[in-house]
Structures are given as C-alpha cells and as structure tokens.
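# Reading the structure
Now for the letters of each chain:
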Amino acid sequence: MADPSSYRPKPGEIPDSPGVYKFRDEHRRVIYVGKAKSLRQRLANYFQDLAGLHPRTRSMVTTAASVEWTVVSTEVEALQLEYSWIKEFDPRFNVKYRDDKSYPYLAVTLNEEFPRVQVMRGAKKKGVRYFGPYGHAWAIRETVDLMLRVFPVRTCSAGVFKNAARTGRPCLLGYIGKCSAPCVGRVTPEEHRELADDFCDFMAGRTGTYIRRLEKDMMAAAEDMEYERAARLRDDVGALKRAMEKSAVVLADATDADLIAVAEDELEAAVQIFHVRGGRVRGQRGWVTDKVENVDTSGLVEHALQQLYGEESGDSVPKEVLVPALPEDPEAVSQWLAGRRGSQVSLRIPQRGDKKDLMATVQRNAQQALGLHKTKRASDLTTRSRALEEIAEALGLDTAPLRIECFDISHLQGDDVVASMVVFEDGLARKGEYRRFQIKGFEGQDDVRSMHEVISRRFRRYLQEKERTGEWEEGPAATGAVPADPRAVAAQEPDEVPVPETAGLGTPVGAGVAVEAGAPAEPGAPAEPGVPVVSGASAEFGPAAPAPEETLVTEPAEPREDDGRPKRFAYPPQLLVVDGGQPQVAAAKRALDELGIDDIAVCGLAKRLEEVWLPDDDDPVVLPRSSEGLYLLQRVRDEAHRFAITYQRAKRAKRIRSSPLDAVAGLGETRKQALIKHFGSVKKLRQATIEEICEVPGIGRRTAESVAVALAAAAPAAPAVNTATGEIIEEDDGGSTT
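Residues numbered from 1 in each chain as written. Predicted model: local features only at pLDDT ≥ 70, side-chain atom pairs only at ≥ 80, totals over all residues. Heavy atoms only, no water.

## Overview of the sheet that holds strand S7 (residues 129–131)
The antiparallel open sheet is built from three strands, whose spatial order is S6-S5-S7. Lying at the two open borders of the sheet, with one neighbouring strand each, are strand S6 (117–120) and S7. Across the sheet, the mean angle from the axis of one strand to that of its neighbour is 35°, orientation sign disregarded. Note that strand S5 (residues 105–108) and S6 share four bridges and pair antiparallel. In the sheet register, Ala 107 faces S6, and the bridge partner there is Gln 118. Here helix H7 (residues 189–203) sits on the sheet and contacts S5, S6 and S7; the angle it forms with S5, its principal contact strand, is near 150°. (Pairing = 2+ DSSP bridges. Helix = DSSP H or I, 4+ residues; strand = E, 2+ residues; numbered from the N terminus. Axes fitted to C-alpha atoms, helices over the stretch in contact; angles between N-to-C directions. Contact = heavy atoms within 4.5 Å.)

## Comments concerning the pattern of salt bridges
Summed over the entire model, instances satisfying the criterion amount to 23 salt bridges. Among the salt bridges present, the one from Arg 29 reaches Asp 25, with a minimum N-O distance of 3.5 Å. Overall, the relative accessible area of 8% leaves Asp 25 in the buried class. The salt bridge partner of Glu 82 is Lys 35, with a shortest N-O separation of 3.7 Å. Pair noted here: Glu 82 is in helix H3 (residues 75–89) and Lys 35 is in strand S2 (residues 30–36), with a separation of 47 residues, a long-range link. A relative accessible area of 18% means that Lys 35 is categorised as buried. (Salt bridge = Lys/Arg side-chain N within 4 Å of Asp/Glu carboxyl O. Buried < 20%, exposed > 50% of the residue type's maximum accessible area, 1.4 Å probe, protein only.)

## A short note on the pairing of strand S3 (residues 66–71)
Burial analysis of S3 places six of its six residues in the buried class, the great majority of the element. Side chains Ser 66, Glu 68 and Thr 70 of S3 all project onto a buried face; the interleaved residues Val 67, Trp 69 and Val 71 project onto the opposite face, where all are buried too. Where strand S1 (residues 19–24) lies against S3, six bridges are found, and the strand directions are antiparallel. Within the sheet, the bridge partner assigned to Val 20 lies in S3 and is Thr 70.

## Quick notes on the nonpolar core
By size, the foremost hydrophobic cluster in this structure holds 28 residues, and its most contacted members are Phe 407, Ile 455, Phe 459, Leu 576, Leu 592 and Ile 597. Elements with a contribution of two residues or more to this core: strand S13 (403–412), strand S14 (415–425), helix H13 (447–468), strand S19 (575–579), helix H15 (582–594) and strand S20 (601–606). It is H13 that provides the largest number of residues to this core, a total of six residues. Other than its neighbours up to four places away in sequence, Ile 455 contacts Phe 407, Leu 576, Ala 588, Ala 591 and Leu 592. (Core = buried A, V, L, I, M, F, W, Y, C linked by side-chain atoms within 4.5 Å.)

## Concerning unusual backbone geometry
Residue Asp 90 is not a glycine yet carries a positive backbone phi of 50°. Inspection of the secondary structure assignment puts Asp 90 in the loop between H3 and strand S4 (98–99). Given the relative accessible area of 24%, Asp 90 is considered partly exposed. Positioned with a positive phi, Asp 616 is a non-glycine residue whose angle comes to about 65°. By the secondary structure assignment, Asp 616 is in the loop between strand S21 (611–613) and helix H16 (628–656).

Okay, here's the thing in structure tokens:
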C-alpha cells in the first residue's frame, strides 16, 4: 500500500485552471481519471489525512503511485478529454456502466441502393437510420410485420436478394404483398427508396399524415364502389394503428426527449433510460454499475450522459434530456450535448405535469432493476469470494488469488502445436487479457516441453516490462535470462497473439503539459508503435466485440510506452494454473526458477481425477467434489482448453485450405478464383502453358510466369494414397490441397 505523501506534487506545481488528471499504480497503469474546474483545489482534496477520506477514495489513493494532469482551456474540453481517457484506459476506480444486454434496434439501411429493414445490434454504422432501442427483438419483428402491409420495403438479406434477381422469382413476401420485390424489377430504385423514406417518417412519429391519407383513399374507393380496394386500405389503417398502439402516447406535445433515472445504494447504482420520440416511448435500456468511486447522484448522471451520448451525433441526441439531478457543471454538459447534436439541448429536472409523472415511472423501473440485479448477483459474488478463499486455503497461499492465469497446450498428433493463456480476475474471465501462442521451439508432440516454452516466453516478457520500467533488480537469474532490448523479445516471439479488450482512443499527455483537448486524431496518421491494430472494434457500451478466438491482431514491433493502457504481459498472476499433472507443473515451475521468479504460486489440474498438483509434492491435493474452489479451477482449465483448441482448429483449417497459388506475390483472391474458374482445377492449371494462362482476363505475362513457377515448385513428387482404401488422392478442384 502506497503512502499518498510519497507522490504528492510540490506546492505550486499544480496549476489553478481547468483540466483532467489521472492516477497511476506502481505498474504505470491508469487507475482513475477525473476532471476539475481547478486542478489545484481538486487534487488537494486527495492528499488530506487518510482518515478523513471516503473509504473508496482512500483505497484509490493508496493504490496509486503517481498523479499526472493535463491543462485544457475550457470545462467542455475537460469533459471531452475525461470521456476519451475513460474509454481509452478503462480505469478500475471509475464508474463504468455495464449494459445488461446488447439492445436491438430497428434499422433501415439507407446507404444501400435498395434500403433494407432489419434488426441490428452493436455499433451503429454510417448511413443507417436507427429506431429504438427495443427491449426484445420480437417486438421489432411484430411492428415490422404490421407495417409491411403499408410500406412493403425489402427485408431480405443480400444473398437472398441476389438469388431472387438471378432466378427472376421473388421470395414469399413478394408473392403475399409484404415486399415490393425490387429484386425482380416490380418497382424502380427511386420508388423503393420513397417507400423506405415513408417508413422512416412513420417510425419517426409523423403518423397522422399517413393515417389520414389512407382513410381518405379508403372513402374514395368506397364511393367508387371499389370495395375490395377499400377493404385493403381499411386493413392497412388498422395495421398502422396497431403498430402505433405498441408505443403509447406519454407526452401530448409530441416531445422528443430522453428521461434518465437513477436508483442507488452504498455499493451499486442502476440507471434506466426511456427514449421518447414524437410523444411516444420508442425505446428503453438499463445499466448497472459498481460504485467504485465516491460519487453522488449528480456524478452518476454525468457518467451516464457521457456513456449514452459520447459516440452519438445529430438527431440521436434529443432536444430535451430530463434527469433526476443536474451534473456538477450543467452548463458545460449542456454545451457538450449541444456540440454532439449540432443545436441547443435542454438539460433539466422535470418539475410538474406529464414529464414529472413519466420520470416517476422511469424511477420505479430503475429501482426494480437494481433490486433484481442485487438478487441475481448476491449469490454469485458470495460464491466467487468463497471459491477464491478455498483455493488459497488448499494451496497454502497468503492471500486469495485475485488474478489467475491458466495455460493449455493443443495439437493434433503433433501438428499445429499451439498454446493458450486465459486470465480470471476476481473469479471472472478477463477476455481482453487472453493470449495465444504458436510453439516453434521444436517440432513434434511434447506437452511438457511446450509448456516450459510458453511459460518462459510469457514471463520473460513480464521481466522485460519490469526492467524497462525500472522495477527489476538484477539478480542471479537476470543475467542472460532477459534480453537487453525489448525488441529482441518481440523478435523472438512473433507468434503471441494478444486479444485486446478495448482499443485506445487518444494519445496520452505528460504531466502538467497544456494541450488542445478533444482534437480529433489526424486521418491516415500511422499507428503508434507497439499498439495492436484491431479489425472491427465495437464502440457502443463497452467492448463490444467479436469473440477472442476470432480477433486478428498484428504483432507489434515494439512494446508500448508508459501510457497507462493495459500492457500485454506486464501484470503477474497470484496463481499460475496449468492443464495437466505433475510433469506439466514441474515444467512450469522450472521455467519460473530459470527466470528467477519465486513469488508466483503454481499448480496443475489433472483431468482424469480432477486432482490439484503442486510442485515438488508427490501426492496431489484433493478438493471435495462440492468445493466452489474446485469448480472455479475447473472453469479456468476448461476455458483455457476451449481457447486453445479453437485456435488449433482455426490454424489447421487454414492450412488445409491453403493453395499453391497463395505463394504468388500480388495474386489476390479475385484473380485466383478467375484462374480456377477458367481451368477448372489446380491440376489443369499446372498443366497449362504460360500463353494459356495469359488468356485469363487480368493475368499478364509476368504474373503468368510467377504462377507457373509457383505451381511447378509445389508439384507433388508422387501421388498420395489413402492407406485405408488404396485410393489415389487427387487435388481438390476448388484450388485447395489436402
């Protein structure tokens, strides 16, 4: 536990101006971010007598080892920079709302030639208009089904649309009148887009125009004795009215507003948001958070506003935001919201009338959500705490292992040998810390040797981080065990694949440096050295993201700087678990001993009898079958096994799908497919002359020569034979070899 006086800034160092500050721990990881009108006054509050601080604030300042700040010119810039840093660094002592689900939206893809109506979740895309969020996807589908009678907009996927266009036959919805069938040319692109625009107008609340128009057409058809058409129009009016009834009128003045309510106790808080558009409730969502910092209702409201509108712009930010308590600086927050919307936003507390009554309803929803969450979590939190205590007692640890790392080896008969590292913190999976390894120190099947290699690589990186930050004191095992240059480690271990939890959003600033906060990153600027490049990051409510085994991350050439972001291997576990018995445990322990690490506990969990093995012990530790500690170790081990085998299967599938054409530089997927389509198979392509290859559109003579050379080099020496059947295995006509 650090003494705050050891890193307290000297008198006069802290400026008396607006800014954002961040506390770092001993590993240089940012643990808290805050903003202030006056940095000097705010930071002084953290360095008073510990007995006078709130318990959560006291815990934060004793965990921290340094404090830095950035000066900005206005309070609005401070608000923007605080939000960016919280998203970037994910500080453990800041309030972070956890979405209890990924809320579905009704989306209209106006960025396509033929707009499509569909259910969408996750990050919002440019050119798509969203309505919602809704509590359930079925509620969206019911509404869409009713409205397709009047607005027969396309709802099919791109594949179905192309297939219908190719065959000249629409799908079922086209035959029953719930799709205008633009795929077969029943309507022009302009007519279909007009239908989509009318659909959006109706969903946006402009309902009266369409109802009156349909009723007028119905009466005219009846007068002309077109009774069948009048009946269809009558049914259309009924369908639109039933769709409108699903979102009852709550505000008579057709207000566009978001109502935010907070229910809290000493430990947790729940936030509920009602989205009202055109006077009707169009969506609802809820969050729950741990109160890890000393924050009141106004602070919770401010955090909710940052998370709710931090990534939004335009009409997604309503004209009016109703809250139970105003933030500490309501003018700055209102200006920030106005900047996101592009026009004035009213931020206030409802005092009377329908809006106050609706706020009471939202408040009741928040209280019920908090009660339900506490009921669900009570047993889970107690169970996890008991599991960690049981593990500490069984293994003779001084404290409960708050961070557990587990390693597993996976291969198929000695081929494609890989390893996985999974991380559990406080008994919960921390998927952003997962890592994957390729075993390249040797070939063949040797789980013990593979385990030794992986543990050595992982903790060599840990020692390198300590050496770089000045925490590593050279000892007997230090010389020769740790490369002097951090780049040497990265060069030696190019196959460790990190799976980041969040992507950084900004560039850190040194202590006491005045910057222009909120400036956007320069487009096309090169990535920061050492920062993994992630494809397809989610941005709405936290990491939202693809599954870890599917995330592809480039290997950085250099380690990250001391910017407070989560490092790749900088944080050691209190307990290291290996999937295996005594030989694997001995290999892991030997790897740690060779690196001079003696403060990390090691154990192994054998699958057959679920025995826990410790280093240098001839007999295993047997935990009761009903033990929560054993159950947690099993979960950790099974997760490591799942992560490893998923990676191994992906590598094997990629290898099987490989083609000799992959070795041709500059030959993309389109031209590969053109070659295979033209010749029919790789075998026939190999037999073709260079002149015949040049006949394929897009293939020049130089490329044709490269293709011929690559195929000649990859030609099999003799035909492969299936030993079970005696059949000769031919090359796959699709261009892959097996």
